[in-house]
Amino acid sequence: MASGSGAKNDFRRKWDKDEYEELAQKRLTEEREKKDGKPFPPVKRELLRHRDYKVDLESKLGKTIVITKTTPQAEMGGYYCNVCDCVVKDSINFLDHINGKKHQRNLGMSMRVERSSLDQVKKRFEANKKKIEEKQKEYDFEERMKELREEEEKAKAYKKEKQKEKKRKADEDLNFEEDDEMAAVMGFSGFGSSKKGH
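The protein has the name Zinc finger matrin-type protein 2 in an unreviewed UniProt entry, where Acipenser oxyrinchus oxyrinchus is given as its organism. Taken verbatim from the UniProt record of the protein, the Function (unreviewed entry) comment is "Involved in pre-mRNA splicing as a component of the spliceosome."

This is how it looks when you write it as structure tokens:
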């Protein structure tokens, strides 16, 4: 009874592969007819560029937050990316995420970088050179001399303090040795415990 009824009571649905292949082909032809046989134009994305903001990794450092079931995702533990609407648990993975392909695509950028021309490179070198020259102009000789004098005074004060401390320790050691000599002269061999041995 069990062996004969196994094939008859098979309630699994049987899929007709040919029928579903026909349906898939029909759907593809309908989609082609809708777009008039022309392929969709590729999405044009911007080239990769520098971030114009500083990534905030330290604001939540060392803080404790109570998280409940009703806490919004942006305030959950970890770093929240509002572009991709996801939470990343640590700073290294967050940096990997914001530099990654998925995040850049959501920002509308491709991972390609604009090639710099020779003129752009020369301009960048000139700009960096000007920055360095401005910093050197700001460097004041008198101010530097004043800083050096202050450092020397601090070093001298530190040395004096160390010498005083050494002198103090030497005096204490000398007094302790004198006390030992005095105790030996008086017949004391040292300070023992107050317990008597049996």
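Having seen the model, we can carry on.
**Q** Just checking my understanding: could you explain the side chain of Ser-110 for this structure?
**A** Turning to its location among the elements, Ser-110 is positioned in strand β4 (residues 109–113). Within the structure, Ser-110 has its side chain in polar contact with the backbone nitrogen of Arg-112 (distance 3.3 Å). Sequence-distant contacts of Ser-110, that is, excluding residues within four places in its chain, are made with Arg-45, Glu-46, Leu-47 and Leu-48.

**Q** Would you mind showing me how to read the layout of surface pockets here?
**A** Empty space among the atoms becomes apparent when a probe as large as a water molecule is rolled across them. Of the pockets and cavities examined, the largest pocket occupies roughly 530 Å³. Among the elements of the structure, β2 (79–81), α3 (91–98), α4 (101–106) and β4 are those that each provide at least two residues to the lining of the largest pocket. Sorting elements by how many residues they give to the lining of the largest pocket places β2 first, with three residues. Taken together, the residues of the lining of the largest pocket sort by class into 13 nonpolar, seven polar and six charged.

**Q** Which parts of the structure should I look at to understand the UniProt feature "domain: U1-type" (unreviewed entry) in the protein?
**A** With numbering matched to this structure, UniProt assigns "domain: U1-type" (unreviewed entry) to residues 76–110. Secondary structure across residues 76–110 comprises 40% helix and 23% strand; the distance between its end C-alpha atoms is 30 Å.

**Q** Mind showing me how you'd approach the side chain of His-97 here?
**A** Position of His-97 among the secondary structure elements: in helix α3. For His-97, a relative accessible area of 15% puts it in the buried group. Sequence-distant contacts of His-97, defined by excluding residues within four places in its chain, comprise Cys-81, Cys-84, Cys-86, Val-88 and His-103.

**Q** Before we go on, may I ask you to explain the nonpolar core in this structure?
**A** The tendency in soluble globular proteins is for nonpolar side chains to be buried as a group. Formed by Val-55, Leu-57, Tyr-79, Cys-81, Cys-84, Cys-86, Val-88, Phe-94 and Ile-98, the largest nonpolar core amounts to nine residues. Residue assignment for this core shows that the elements contributing at least two residues are β2, β3 (86–88) and α3. Apart from the residues lying within four places of it in its own chain, the contact partners of Cys-81 are Cys-86, Phe-94, His-97 and His-103.

**Q** I would appreciate a short explanation of a negative patch on the surface in the present structure.
**A** Taken together, the side chains of Asp-16, Asp-18, Glu-19, Glu-21 and Glu-22 define an acidic patch exposed on the protein surface. Considering the arrangement of structural elements, one finds Glu-21 in helix α2 (residues 17–34). Residue class for Glu-21 comes out exposed when judged on its relative accessible area of 52%.

**Q** It is not clear to me how the packing of aromatic side chains should be interpreted in this structure. Could you clarify?
**A** What describes a pair of aromatic rings is the distance from one ring centre to the other and the angle between the planes of the rings. Enumeration over the complete set of coordinates arrives at one aromatic pair. When the ring of Tyr-79 is compared with that of Phe-94, the centres are 5.3 Å apart and the planes differ by 25°; the resulting orientation is stacked. Separated by 15 residues along the polypeptide, Tyr-79 in strand β2 and Phe-94 in helix α3 bring together distant segments of the chain. Each member of the pair, Tyr-79 as well as Phe-94, is classed as buried.

**Q** What should I look at first to understand α3 in this one?
**A** An α-helical turn contains 3.6 residues, so any two residues separated by three or four positions project in the same direction. Listing the buried residues of α3 in full gives Phe-94, His-97 and Ile-98. Buried residues of α3, seen end-on, are gathered within an arc of 90° and therefore sit on one face of the element. Among the exposed residues of α3, those oriented more than 90 degrees off its buried face are Ile-92 and Asp-96. Taken together, the buried residues of α3 touch β2, β3 and α4.

Rules behind the numbers
Note that residues are indexed from 1 along each chain, following the sequence as it is written. It should be noted that, the model being predicted, local features are given only for residues of pLDDT at least 70 and side-chain atom pairs only at 80 or more, the latter also being counted only at that level, while totals for whole chains, interfaces and linings use all residues. Heavy atoms throughout the structure, all of them, feed into the side-chain values; hydrogens and water do not. UniProt positions are given in the numbering used here, feature names are shortened, and annotations may be inferred rather than shown by experiment. Secondary structure counts use DSSP, requiring at least four H or I residues in a row for a helix and at least two E residues in a row for a strand, with both numbered from the N terminus. Distance and chemistry together define a polar contact, namely a pair of N or O atoms within 3.5 Å, with one atom able to donate a hydrogen and the other to accept it when in protein, and with adjacent residues in sequence counting only for side-chain atoms on both sides. Any two residues whose heavy atoms approach within 4.5 Å are treated as being in contact. Definitions used for this entry: grid spacing 1 Å over protein atoms alone; cavity, a set of points where a 1.4 Å probe fits but cannot get out; pocket, an open set with protein on both sides within 12 Å along at least 5 of 7 lines; lining residue, one with an atom within 4 Å of a point. Grid points are joined across faces, edges and corners, and a volume is the space filled by probe spheres set on the points. When residues are sorted by character, Ala, Val, Leu, Ile, Met, Phe, Trp, Tyr, Cys and Pro go into the nonpolar class, Asp, Glu, Lys and Arg into the charged class, and all the rest, Gly among them, into the polar class. Each residue gets one of three labels from its accessible area relative to the maximum for its type: buried under 20%, exposed over 50%, partly exposed in between, using a 1.4 Å probe on protein chains only. Within this scheme, the nonpolar core is defined by two criteria: the residues are buried Ala, Val, Leu, Ile, Met, Phe, Trp, Tyr or Cys, and they are joined through side-chain atoms within 4.5 Å. What makes a patch is a set of residues exposed beyond 30% relative accessible area and free of salt bridges, joined within 9 Å when like-charged and within 5 Å when nonpolar (Val, Leu, Ile, Met, Phe, Trp, Tyr). In these tables, accessible area is a Shrake-Rupley quantity obtained with a 1.4 Å probe, and a residue counts as shielded only by the protein chains included in the view. Think of a salt bridge as a Lys or Arg side-chain nitrogen and an Asp or Glu carboxyl oxygen that are within 4 Å of each other. Neither His nor the chain ends contribute to the count of charged residues, in which Lys and Arg are positive and Asp and Glu negative. Just so you know, the charge point we use is NZ for Lys, CZ for Arg, CG for Asp and CD for Glu. Aromatic contacts are taken between Phe, Tyr and Trp rings whose centres are within 6.5 Å, Trp giving its six-membered ring; a plane angle under 30 degrees counts as stacked, one over 60 as edge-to-face, and the others as tilted. Arc definition: it is the arc formed by the directions from the helix axis to the C-beta atoms.

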